[in-house]
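# Tertiary structure, described
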2 protein chains.
Amino acid sequence: MKFSTEDLIEGIRSGNKRLIAKAITLVESKKAEHRQQAEELLKEIMPFTGKSIRVGVTGVPGAGKSTFIENFGRLAIANGKKVAVLAIDPSSAINKGSILGDKTRMEELAREENAFIRPSPSSGFLGGVANTTFETMMICEAAGYDYILIETVGVGQSEVLVADITDIFLFLKIIGGGDELQGIKRGIMEMVDIIFINKVEESNLQKAKTTKLELKRALDFIPAKEKGWKVPVLLGSALYNEGLSDVYSTIDEFISLKKKTGSFEGVRVQQAEKRFEYWVQEYILSMMKKNNSVEEAYIQHKKNASAMVFNPSTEAKLFVEKFLSKGPD
Amino acid sequence: MKFSTEDLIEGIRSGNKRLIAKAITLVESKKAEHRQQAEELLKEIMPFTGKSIRVGVTGVPGAGKSTFIENFGRLAIANGKKVAVLAIDPSSAINKGSILGDKTRMEELAREENAFIRPSPSSGFLGGVANTTFETMMICEAAGYDYILIETVGVGQSEVLVADITDIFLFLKIIGGGDELQGIKRGIMEMVDIIFINKVEESNLQKAKTTKLELKRALDFIPAKEKGWKVPVLLGSALYNEGLSDVYSTIDEFISLKKKTGSFEGVRVQQAEKRFEYWVQEYILSMMKKNNSVEEAYIQHKKNASAMVFNPSTEAKLFVEKFLSKGPD
């Protein structure tokens, strides 16, 4: 890294997008010396973090997530806010280019001075399946962004990852043929705070209203995630800027409610604890991986465990003893 | 432990309930020397495990779980099977006695030669919030039990723990006043393989049928957990032995389907891998805890992380370095 930690911090604080991008690349790096500098950087910027509204956005491919984020972002900017757009994509090795990767997407938003768009990080990190979106978010907050919009393609565990670092979770739905509620990913309905039915026009308005009723009924079957909040189902068209201001004010309402009940702070504390536990595992795993024989042992013992050669706990004990006696080098 | 590993193994294999209980106490123990013997024992009995049908049973307090397990167990025994009943209860420190703890429960089943009932283990284990139900199950399998019924009180994460070690998940529902589907715990509907509406009598049969329809409709909103399986909603009364043979044959059908599609083996492989990962963490945590200063450091760094003194990843790095340099003693 050619930039000193001081350079990067100054760049972040002054809103220099090139240096913000460099800082993000730093925290995404798997190299030990970069990791060291990344921790120093994160330590220094902590006092400037925590002030944004962290919004997760999910929906099936074709639901219009990019268009939504672009035009919602522009609306927020028109309201005097700064907007950062990130992506969480634990499977980006497979889906390369499917998320924020296409340069022609979000062109309008990208041109805005008060917008910052960061494509998906490379998949995996250190030993685990993780990502550094949380740390990237810290950097964007220190740079003064008011809204952090985090897009997920909805593959694998990505919604859980997003839910673990955001204040509010938006689900974009489109109406198609057939049974509207089939094909919604397991668990999504229980994570969601706001549903936006997108691509609603004159011609499919009736269908959209039916879908809304079905979603409302489905939501009745699910206990409230946030006390005192009934998940609203909003209709609109992100492309034609219809319904976006409803979403904007509904987010405001939701955040106000969370701040009033204390769940805003409470959930963030839990998220930080989870993040700590996550990183403890990451660092231990990464130290294991530095030692080839330890990594081989991990793979072999896990394979034995899944084949039930020995009991999984026996395999685990054998491995941990091996690891801790050999040490991390 | 006064018994040698050989004694215990012989006891298990010959179906000696007193020695089975001793072996379970051994795997539940947190003491390092017991842990060592437990691993030896588990290693030896591995070839005799894996042949049972592992059934999770959940439902709100008052749903009749104990009566269901008792009479279902007796039905299985009447069909020539051996039945073991376990409980998973991560919060048993709080709910002591609420699960399998009452000696007057399952009296009839307890008297059966081919039944083995084990009350809830003490809460927590080594460093984590875990439990040894998986390992207890191994012992019961080696002792020749054909059905392992695992009861959960449905507190906290207990259903997830049960789902992580069983082949099939049963949900017991009772009909009460008001909105039948409110109050069902988040996520339950997505984990369930069979629903049994219990305590159905002449007087509430119509209501039960309505509840069944509502449940069926709710299930339509949820993508299939097991390909080719539509979750059946069965009616009956465990107390009066009504509907239990339906449950019995439906479990058979479900297991046959899973064996045909390969998901029976596939899921068990995944479960064993998860179990391995879980135990790697447990052992690492337990080694941390052995060193007081390491444990204190863990608590302090986690507290700092949640207060966002430093970034959670920074706190994690500081802690892991401290831990690995001091070592586990």
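Above this text sits the structure in question.
In this report, the structure presented in the accompanying data block is examined. Keep in mind it's a predicted model, so treat the numbers as computed, not measured.

All names here are of chain B. In terms of burial, helix H6 (residues 133-142) is a largely internal element, 10 of the 10 residues being buried. Within H6, the full set of buried residues consists of Thr133, Phe134, Glu135, Thr136, Met137, Met138, Ile139, Cys140, Glu141 and Ala142. Looking one or two residues past H6, glycine 144 carries a phi angle of roughly 90 degrees, positive in sign.

When chain A is brought onto chain B, the operation consists of a screw motion whose angular component is 180 degrees and whose axial shift is 0.1 Å, with 0.1 Å RMSD remaining. Taken together, the rotation angle and the small translation identify this as a two-fold axis. Interface overlap between copies: 98% of the residues of chain A at the interface are likewise at the interface in chain B, consistent with a symmetric, same-surface contact.

The next thing to look at is the packing of aromatic side chains. Within the structure shown, the criterion is met by 22 aromatic pairs over all chains. Their ring planes at 80 degrees and their centres at 6.2 Å tell us that phenylalanine 72 of chain B and tyrosine 147 of chain B sit as a pair that is edge-to-face. Taken together, the residues phenylalanine 72 of chain B in helix H4 (residues 65-78) and tyrosine 147 of chain B in strand E4 (residues 147-152) connect sequence positions 75 residues apart. For the pair formed by phenylalanine 72 of chain B and tyrosine 147 of chain B, the shared burial category is buried. Clustering of aromatic rings is evident, with ring pairs tying together Phe68, Phe72, Tyr147, Phe196 and Tyr248 of chain A. If you follow lysine 259 of chain A out to its NZ or CZ, it ends over the ring of phenylalanine 264 of chain A, 4.8 Å from the centre.

Residue and element names in this part refer to chain B. For strand E1 (residues 53-58), the tally of buried residues reaches six of six residues, placing the bulk of the element in the interior. On E1, burial covers both faces: Ile53, Val55 and Val57 on one face and Arg54, Gly56 and Thr58 on the other are all buried. Sheet analysis places E1 next to strand E5 (residues 168-174), joined by four bridges and oriented parallel. By the bridge assignment for E5, valine 55 is matched with isoleucine 168.

The next thing to look at is the sheet that holds E4 of chain B. All names here are of chain B. Pairing within the open sheet is parallel, and its seven strands lie in the order E3-E2-E4-E1-E5-E6-E7. Only two strands of the sheet have a single partner each, and these edge strands are strand E3 (115-117) and strand E7 (233-235). For this sheet, the mean angle separating the axes of adjacent strands, direction not counted, is 25 degrees. Strand direction decides the pairing type here: strand E6 (residues 194-198) and E7, joined by three bridges, are parallel. What sits directly across from isoleucine 195, in E7, is valine 233. Those strands touched by helix H9 (residues 205-220) are E5, E6 and E7, and its axis lies near 170 degrees from that of E7.

Time to look at the environment of arginine 275 of chain A. Mapped onto the elements of the fold, arginine 275 of chain A is located in helix H11 (residues 263-290). Setting aside residues no more than four positions away along its own chain, arginine 275 of chain A makes contact with Asn131, Thr132, Phe134, Glu135 and Ile165 of chain A together with Pro312 of chain B.

Bringing the interface of chain A and chain B into the picture now. Listed as interface residues are 60 residues of chain A and, on the opposing side, 59 residues of chain B. Summed over both sides, the interface of chain A with chain B buries roughly 5,300 Å², with 70% coming from carbon and sulfur. With its nearest N and O atoms 2.4 Å apart, the salt bridge here joins glutamate 277 of chain A to lysine 302 of chain B. At the level of elements, helix H3 (32-45), helix H6 (133-142), helix H8 (188-191), helix H9 (205-220), H11, helix H12 (292-306) and helix H13 (312-326) of chain A are the ones that each hand at least two residues to the side of chain A that touches chain B. Top contributing element to the side of chain A that touches chain B by residue count: H11 of chain A, with 13 residues. The residue inventory of the side of chain A that touches chain B, partitioned by class, reads 33 nonpolar, nine polar and 18 charged.

All names here are of chain A. Taken in spatial order, the seven strands line up as E3-E2-E4-E1-E5-E6-E7 in an open sheet, and their pairing is parallel. The open sheet terminates on both sides in strands that have one partner only, identified here as strand E3 (115-117) and strand E7 (233-235). Averaged over all pairs of adjacent strands, the angle between strand axes in this sheet comes to 25 degrees, irrespective of strand direction. Helix-sheet contacts for H9 involve strand E5 (168-174), strand E6 (194-198) and E7, and the interaxial angle to E7 is about 170 degrees.

Take the pairing of E5 of chain B next. Residues and elements named next belong to chain B. By the criterion of burial, E5 is predominantly enclosed, with six of the seven residues buried. Across five bridges, E5 lies against E6 in parallel orientation. Bridged to leucine 170 within E6 is isoleucine 194.

This paragraph deals with the pattern of salt bridges. Enumeration over the complete set of coordinates arrives at 25 salt bridges over all chains. Across the pair glutamate 108 of chain B and arginine 111 of chain B runs a salt bridge whose closest N-O atoms are separated by 3.7 Å. Within this pair, glutamate 108 of chain B and its partner arginine 111 of chain B are both found in helix H5 (residues 107-111), separated by three residues, close to a single helical turn. Residue classification places arginine 111 of chain B among the exposed positions, given a relative accessible area of 58%. One continuous salt-bridge network, built from bridges that share partners, spans Arg74, Glu107, Glu108 and Arg111 of chain A.

As a further point, take helix H10 (residues 244-261) of chain A. The end-to-end C-alpha distance of H10 of chain A, which contains 18 residues, comes to 26 Å, matching closely the 26 Å that a straight helix rising 1.5 Å per residue would cover. Listed in full, the buried residues belonging to H10 of chain A are Leu244, Val247, Tyr248, Thr250, Ile251, Phe254, Ile255, Leu257 and Lys258 of chain A.

Counting 162 residues, the largest nonpolar core has Phe68, Tyr147 and Ile251 of chain A together with Phe68 and Ile251 of chain B as the members making the most contacts within it. Beyond its immediate sequence surroundings of up to four residues, tyrosine 147 of chain A is in contact with Ile53, Val55, Phe72, Ala76, Lys81, Lys82, Val83, Ala84, Tyr248, Ile251 and Asp252 of chain A. Counting residues in each nonpolar core, the second largest holds 33 residues, with Ile284 and Ala305 of chain A together with Tyr283 and Ala305 of chain B among its members.

What follows is about the packing of helix H2 (residues 17-28) of chain B against H6 of chain B. Residues and elements named next belong to chain B. Direction vectors running N to C along H2 and H6 enclose 155 degrees, while the axes themselves pass 9 Å from each other. Comparing their axes, H6 and H2 come out roughly antiparallel. Judged by the twist between their axes, the crossing of H2 over H6 is right-handed. Residue-level inspection shows Ile20, Ala23, Ile24, Val27 and Glu28 of H2 in contact with H6, the latter providing Glu135, Thr136, Ile139 and Cys140. Considering only residue class, the contact of H2 with H6 consists of six nonpolar, one polar and two charged.

What counts and what doesn't
Residues numbered from 1 in each chain as written. Chains lettered and ligands numbered in written order. Predicted model: local features only at pLDDT ≥ 70, side-chain atom pairs only at ≥ 80, totals over all residues. Heavy atoms only, no water. Buried < 20%, exposed > 50% of the residue type's maximum accessible area, 1.4 Å probe, protein only. Helix = DSSP H or I, 4+ residues; strand = E, 2+ residues; numbered from the N terminus. Least-squares fit on C-alpha atoms with pLDDT ≥ 70 in both. Contact = heavy atoms within 4.5 Å. Phe/Tyr/Trp six-rings, centres within 6.5 Å; stacked < 30°, edge-to-face > 60°. Lys NZ or Arg CZ within 6 Å of the ring centre and 35° of its normal. Pairing = 2+ DSSP bridges. Axes fitted to C-alpha atoms, helices over the stretch in contact; angles between N-to-C directions. Buried area = accessible area lost by both parts, 1.4 Å probe. Salt bridge = Lys/Arg side-chain N within 4 Å of Asp/Glu carboxyl O. Nonpolar A, V, L, I, M, F, W, Y, C, P; charged D, E, K, R; others polar. Expected span 1.5 Å × (residues − 1). Core = buried A, V, L, I, M, F, W, Y, C linked by side-chain atoms within 4.5 Å. Parallel < 35°, antiparallel > 145°, perpendicular 65-115°, else oblique. Left-handed = near helix turned anticlockwise from the far one by under 90°.

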